[in-house]
Amino acid sequence: MATGRTDPDRRDRIIDAALDLIADEGVAGMSHRKVAARAGVPLGSMTYHFGSMNELLHEAFTRFSGTIVAVFEDRLGTATTPDEAREAVADLVHHLSSGNQRELVLTHELYTLAAREPAYRELTRAWMSRSRRALEWHFDAATARQLDALIEGLSIHRALETEPHDRALTVEAIARITAPADGSAPAS
């Protein structure tokens, strides 16, 4: 096993191992010993790199939320028209609910922490803010907020349903939210 001086990726491996452990056993199953074993590092590396388990959890969930925001930015960044932006939103719903059990569990574990702990609530607020900013590349702020909630809700429902809804329902919901206030069809 490499020493800290010759193992510059150790801290990142610990964070990755923590996320994997959370996905497998939940936050309640976390311990320094389990994370160290999964990361393949000496137990002392845990306290060397992280002052507490809470610090490790915060770093891990910050990394995780950044990966989800990157998906938003990637999908929405390629859209050049309103129709393409609506399609990108539908793509997000279906990507986020496509059966990646790890992402689903990590999302729910973070939400549970955020419901209990203000520091994690701030982390989820920052995540939502970044997601909405990406949506605001194509939609006004109020619509972006509604779409962000829609993406979250539809993704969760699709992921947990035994018979998930199809893309047509997603597209219809997006069209309703992005329709002009006068009830006419959304602009293309």
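Residues numbered from 1 in each chain as written. Predicted model: local features only at pLDDT ≥ 70, side-chain atom pairs only at ≥ 80, totals over all residues. Heavy atoms only, no water.

### Digging into the packing of helix 4 (residues 53–77) against helix 6 (residues 101–116)
Rule in force here: Lines fitted to C-alpha atoms define the axes, with helix axes restricted to the stretch in contact, and inter-axis angles between N-to-C directions lie between 0 and 180 degrees. Helix and strand labels come from DSSP, where a helix needs a run of H or I of at least four residues and a strand needs a run of E of at least two; each type is numbered from the N terminus. Convention used here: angles under 35 degrees read as roughly parallel, angles over 145 as roughly antiparallel, angles from 65 to 115 as roughly perpendicular, and any remaining angle as oblique. Should the near helix be turned anticlockwise from the far one by less than a right angle, the crossing is left-handed, and should it be turned clockwise, the crossing is right-handed. Whether two residues are in contact is decided by their heavy atoms: any pair within 4.5 Å suffices.
Look at helix 4 against helix 6: their axes get within 11 Å of each other, and the N-to-C directions meet at 125°. Taken together, the axis directions place helix 4 and helix 6 in an arrangement best described as oblique. Where helix 4 crosses over helix 6, the handedness of that crossing is left-handed. Contact residues: Phe61, Phe64 and Ile68 in helix 4; Glu103, Leu106, Thr107, Glu109, Leu110 and Leu113 in helix 6.

### Side note on the packing of helix 6 against helix 7 (residues 118–135)
It is the contact of helix 6 with helix 7, at a shortest axis distance of 6 Å, that shows an interaxial angle of 125°. Put simply, helix 6 runs oblique to helix 7. Judged by the sense of rotation from one axis to the other, the crossing of helix 6 with helix 7 is left-handed. Of the residues in helix 7, those touching helix 6 at Thr107, Leu110, Tyr111, Leu113, Ala114, Ala115 and Arg116 are Pro118, Tyr120, Arg121, Leu123, Thr124 and Trp127.

### Concerning the side chain of threonine 170
Looking at the secondary structure, you find threonine 170 in helix 9 (residues 167–178). The residues touching threonine 170, leaving out its near neighbours within four places in the chain, are Ala90, Val93, His94, Leu154 and His165.

### Observations regarding helix 2 (residues 32–39)
Quick note on the threshold: Buried means the residue's accessible area, taken with a 1.4 Å probe over protein chains only, is under 20% of the maximum for its type, while exposed means over 50%, and partly exposed covers the values in between. The arc in question is formed by the directions pointing from the helix axis toward the C-beta atoms.
Within helix 2, burial applies to Val35, Ala36 and Ala39. Looking straight down helix 2, one finds that the buried residues subtend no more than 100° of arc, so they occupy a single side. Residues Arg33 and Ala37 are exposed on helix 2 and point more than 90 degrees away from its buried face. Lining the buried residues of helix 2 we find helix 1 (10–25), helix 3 (44–49) and helix 4. Just downstream of helix 2, glycine 40 is the residue with a positive phi angle, here 70°.

### Notes on the packing of aromatic side chains
Rules: Geometry of aromatic contacts follows a simple scheme: Phe, Tyr and Trp rings, the Trp one being its six-membered ring, pair when their centres are within 6.5 Å, and the pair is stacked under 30 degrees between planes, edge-to-face over 60, tilted otherwise.
Summed over the entire model, instances satisfying the criterion amount to 3 aromatic pairs. Considering the side-chain rings of phenylalanine 64 and tryptophan 127, the 5.9 Å spacing of their centres and the 85° angle between planes classify their relative orientation as edge-to-face. Residue phenylalanine 64 is found in helix 4, and its partner tryptophan 127 is found in helix 7; the two are separated by 63 residues along the sequence. Members of the aromatic cluster, each reached through a chain of ring pairs, are Phe64, Tyr111 and Trp127.

### A closer look at the environment of methionine 53
Within the secondary structure, methionine 53 sits in helix 4. For methionine 53 and aspartate 20, which are 33 residues apart along the polypeptide, the C-alpha to C-alpha distance reads 15 Å. If near-sequence neighbours (up to four positions away) are discounted, methionine 53 is found in contact with Met30, Ser31 and His32.

### Considerations on the nonpolar core
As a reminder, the rule being used: We call a set of buried residues a nonpolar core when its members are Ala, Val, Leu, Ile, Met, Phe, Trp, Tyr or Cys and they connect through side-chain atoms within 4.5 Å of each other.
Core analysis: the biggest nonpolar cluster contains 52 residues, and Met30, Val35, Leu56, Phe61 and Phe72 have the highest contact counts within it. Going through the elements one at a time, helix 1, helix 2, helix 4, helix 5 (82–96), helix 6, helix 7, helix 8 (141–160) and helix 9 are the ones with two or more residues in this core. Sorting elements by how many residues they give to this core places helix 4 first, with 11 residues. If we skip the residues at most four places from it in the chain, methionine 30 touches Ala18, Leu21, Ile22, Val35, Met53, Leu56 and Leu57.

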